[in-house]
Protein chains: 2
Amino acid sequence: MRIIIAGGDGFCGWPTAMYLSKQGYDIAIIDNMVRRKIDDELRSNSLTPIASLEDRVAKWKELTGKEIRTYTGDLQHFDFLKLVMEQEMPEAFVHFAEQRSAPYSMIDREHAVYTQVNNVVGTLNVLYAIKEIVPACHLIKLGTMGEYGTPNIPIEEGYLEIEHKGRKDRLPYPKQPGSYYHLSKVHDSHNIMFACRMWDIRATDLNQGVVYGLSTNETDMDPVLTNRLDYDGVFGTALNRFIIQSAIGHDLTVYGKGGQTRGFLHIKDTVRCIEIAAENPADLGEFRVFNQFTEQFSVMDLAKMVQKVAKEEGLDAEIANLENPRIEKEEHFYEAVNTNLLDLGLQPQLLTDEVIRNILQTVLVHKDRVIKENVLPNVKWK
Amino acid sequence: MRIIIAGGDGFCGWPTAMYLSKQGYDIAIIDNMVRRKIDDELRSNSLTPIASLEDRVAKWKELTGKEIRTYTGDLQHFDFLKLVMEQEMPEAFVHFAEQRSAPYSMIDREHAVYTQVNNVVGTLNVLYAIKEIVPACHLIKLGTMGEYGTPNIPIEEGYLEIEHKGRKDRLPYPKQPGSYYHLSKVHDSHNIMFACRMWDIRATDLNQGVVYGLSTNETDMDPVLTNRLDYDGVFGTALNRFIIQSAIGHDLTVYGKGGQTRGFLHIKDTVRCIEIAAENPADLGEFRVFNQFTEQFSVMDLAKMVQKVAKEEGLDAEIANLENPRIEKEEHFYEAVNTNLLDLGLQPQLLTDEVIRNILQTVLVHKDRVIKENVLPNVKWK
């Protein structure tokens, strides 16, 4: 199966490209390299040193004999996207190629506008390219669990059966996203749902939880294949960030009370979920939604787990309840359904002390690369 | 009260600007004149000859002594918007300034992208300008009833009380819009709801039905004040389009079966609804939604009403069921709530034969201006 991975140089995209390549899929990557440029803009870095995409795919070929083709360009440039689609004629298009940091989208007006235009226009272009060039191609689009917000009812997978005034319908699940980034994903979801209905496009929207870890079997094969790892207040996410904080003797920065509960999954499950989606395509015209996470944790739960493992490794970490830079509920009901991927065969890699210890050990190797002033949050919602 | 009317040169904006000016509000208009440029692009025209905005406001001043200040520029240009906001320091900001044609947004990829970027970025900029310059300013934003689509349950005003698995919440009403234009309004609604929650902005989202008529007491004062009237397949809407078709001896173009039911209102009610919203501002932090229509009709109902009145005027009009260029349900449940504006004092101008006759008589004066090849729909959804 020919698969394009858009955003294939990124944190989720690169491990996915290698994993699928190893499984025998024929992989091409599109990336505009903007995530590396944002490191320059924010004066931040990946905790792990990362090779160029050119070197990555060369090493991959050397080690496995498998070729991953690469196209450097932007999904906002339709002529570029069209040429790639005509060249590749993909059967699946995995779309990771969006600005994916909530704090980045909240820096200021320009970053909010950039995030929404980049994400919405990129996805519109992908929809038109599929319609015009490869109408049967399966769009596998990364959404986020953050699209739902924290409603006071259980979160279903994309749709909700509603009974109202004696009548019934199955409607799109109401969305209450918490940043201009999360909003951009909600906009995408609505646009894709419409395109499926109008043009018989087949799409799977993967509402992904917070991803932790950095290694997969493939990234571990060689240092040149190493994945990026973000720890800063803008791109670093809970758990990974806590582990790195514990490694450098920094307090674990819990925002507010820490009762914020979210869905989480290991990066090894991310790559497997993409494979499951690709192997089980949506029907023509179907807009299918999977909630892609394996476990729910509160932020405070995670901080305590990390604190315990760090202590066993001889590292003392305090938990600091920072003033919350975001506007969000810090204590709330949260119960999200995630059975679609499990029913299709996902066997979750659960979060154990051992998993945390493994990440911590990788982190400790690179801890001198941490730029300390980037660790604290510096983007406020208000 | 100082009010900015963005899009104040347009079909709804211009009558609103005059009406509010007459009521004693201090009005400034922002417009980028793009609607006039689109006439050139589509080789279409307003059925009624319309004066330049400069001439319009000069005539208004001559007749009433009241000044309407004008600013020519684009909401996508934040520096421009900021200057206007600092100059005007408005207490309400009425936002009509969006690309508002569903068929226009469906012409091709470029028009879809233009519509969504123009509308979403313009509104994001307005939100940031309010936050930064006039945080207590009341945003009165034009949405559309088309955001809801045609669910199989009654349509409420913006929110829905949901009981699910034994728990309850009041959530944003699920949206199923039917074009990239309607989608852009859904994106706006989500962005505005978020800004209200984050920044304590006050906003009223007016989900407007299909507007018919062209005259208000103010537009009737002088030919220079005449409102534009669209009849073409791209910008002309049901009812107005049927009346014009009957005037020129064209079949009434019902798309498909004609069972498509929507909310409608007279332009005289549009201007009054804006006044009601302005007089009764949302609370700080409140995202308030009003469904702004007065009656529901199916497209076939309207065609028959027009046919009857036209016949009384000596005009024979046939009803033609064209192949539907859109993808939409042609027979469906439709029941939408619209009590919020009525509770605040709206006294609807209902659709009577006399109202149709009045529009028809105005139309007949200008019928030689019709460009016949523009009457039929030429944009297809698929």
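Quick caveat: nothing in here was measured; it's all calculated off a predicted structure.

Asker: Any chance you could explain the overall build of chain A here in plain terms?
Answerer: Looking only at helices and strands, one finds 12 helices and 14 strands in chain A. Here the C-alpha atoms of chain A give a radius of gyration of 20 Å, agreeing with the 21 Å that 2.2 N^0.38 yields for 382 residues. With the principal axes as the frame, chain A shows a C-alpha extent of 65 × 55 × 40 Å. Expressed as a percentage of its 382 residues, the buried residues of chain A come to 55%.

Asker: Is there a simple way to think about the interface of chain B and chain A in this case?
Answerer: For an interface, size is often stated in terms of accessible area lost upon the parts coming together. If you look at the interface, chain B gives 39 residues, while chain A gives 39 residues. Those elements giving two or more residues to the side of chain B that touches chain A turn out to be helix 6 (109–133), strand 6 (159–164), strand 7 (167–172) and helix 7 (180–199) of chain B. Across the side of chain B that touches chain A, the residue classes break down as 24 nonpolar, seven polar and eight charged.

Asker: When you look at the confidence of the model for chain A in this model, what are you seeing that I'm missing?
Answerer: When pLDDT drops low, the exact placement of atoms in the prediction is not to be read closely. Considering every residue of chain A, the mean pLDDT works out to 97; 100% of them sit at 70 or more. Both scores are given for the predicted complex: the pTM is 0.98, the ipTM 0.98.

Asker: What's the story with unusual backbone geometry in this structure? I'm lost.
Answerer: Comment: phi is negative for the bulk of residues other than glycine, and the bulk of peptide bonds are trans. Notably, Met33(A) is not glycine yet its phi reads approximately 65 degrees, a positive angle. Classification of Met33(A) by C-beta neighbours within 10 Å gives partly exposed; the count is 14. A positive phi angle, close to 50 degrees, is found at Lys165(B), a residue other than glycine. Among the structural elements, Lys165(B) can be located in the loop between strand 6 and strand 7. Judged by local crowding, Lys165(B) falls into the exposed class, with 9 C-beta atoms found within 10 Å.

Asker: Which parts of the structure should I look at to understand the relation of the copies chain B and chain A?
Answerer: The two chain copies are related to each other by a rotation about an axis together with a translation along it. For the pair chain B and chain A, the superposition axis carries a translation of 0.0 Å, the fit reaches an RMSD of 0.0 Å, and the rotation angle comes to 180 degrees. Taken together, the turn and the small shift mark the pair as related by a two-fold rotation axis. The residues that chain B uses at the interface reappear at the interface of chain A in 100% of cases, marking a shared surface.

Asker: How should the sheet that holds strand 12 (residues 287–292) of chain B be read in this particular structure?
Answerer: Strand pairs in the sheet, formed through backbone hydrogen bonds, run parallel or antiparallel to each other. Residue and element names in this part refer to chain B. Strand order in the open sheet formed by seven strands is 3-2-1-4-5-8-12, and the pairing between neighbours is parallel. Each edge of the open sheet is held by one strand with a lone partner, namely strand 3 (69–72) and strand 12. Sheet twist, expressed as the mean angle between neighbouring strand axes with direction ignored, is 20 degrees. Direction of pairing for strand 5 (residues 138–144) relative to strand 8 (residues 202–208): parallel, over a ladder of seven bridges. Bridging across to strand 8, Leu142 finds its partner in Leu206. Sheet strands touched by helix 7: strand 5, strand 8 and strand 12. Its angle to strand 5, the strand with the most contacts, is close to 150 degrees.

Definitions and limits used
Residues numbered from 1 in each chain as written. Chains lettered and ligands numbered in written order. Predicted model: local features only at pLDDT ≥ 70, side-chain atom pairs only at ≥ 80, totals over all residues. Helix = DSSP H or I, 4+ residues; strand = E, 2+ residues; numbered from the N terminus. Rg over C-alpha atoms; globule rule 2.2 N^0.38 Å. Buried ≥ 20, exposed ≤ 12 C-beta atoms within 10 Å, placed from the backbone. Contact = placed C-beta atoms within 7 Å. Nonpolar A, V, L, I, M, F, W, Y, C, P; charged D, E, K, R; others polar. pLDDT = per-residue confidence, 0-100. Least-squares fit on C-alpha atoms with pLDDT ≥ 70 in both. Pairing = 2+ DSSP bridges. Axes fitted to C-alpha atoms, helices over the stretch in contact; angles between N-to-C directions.

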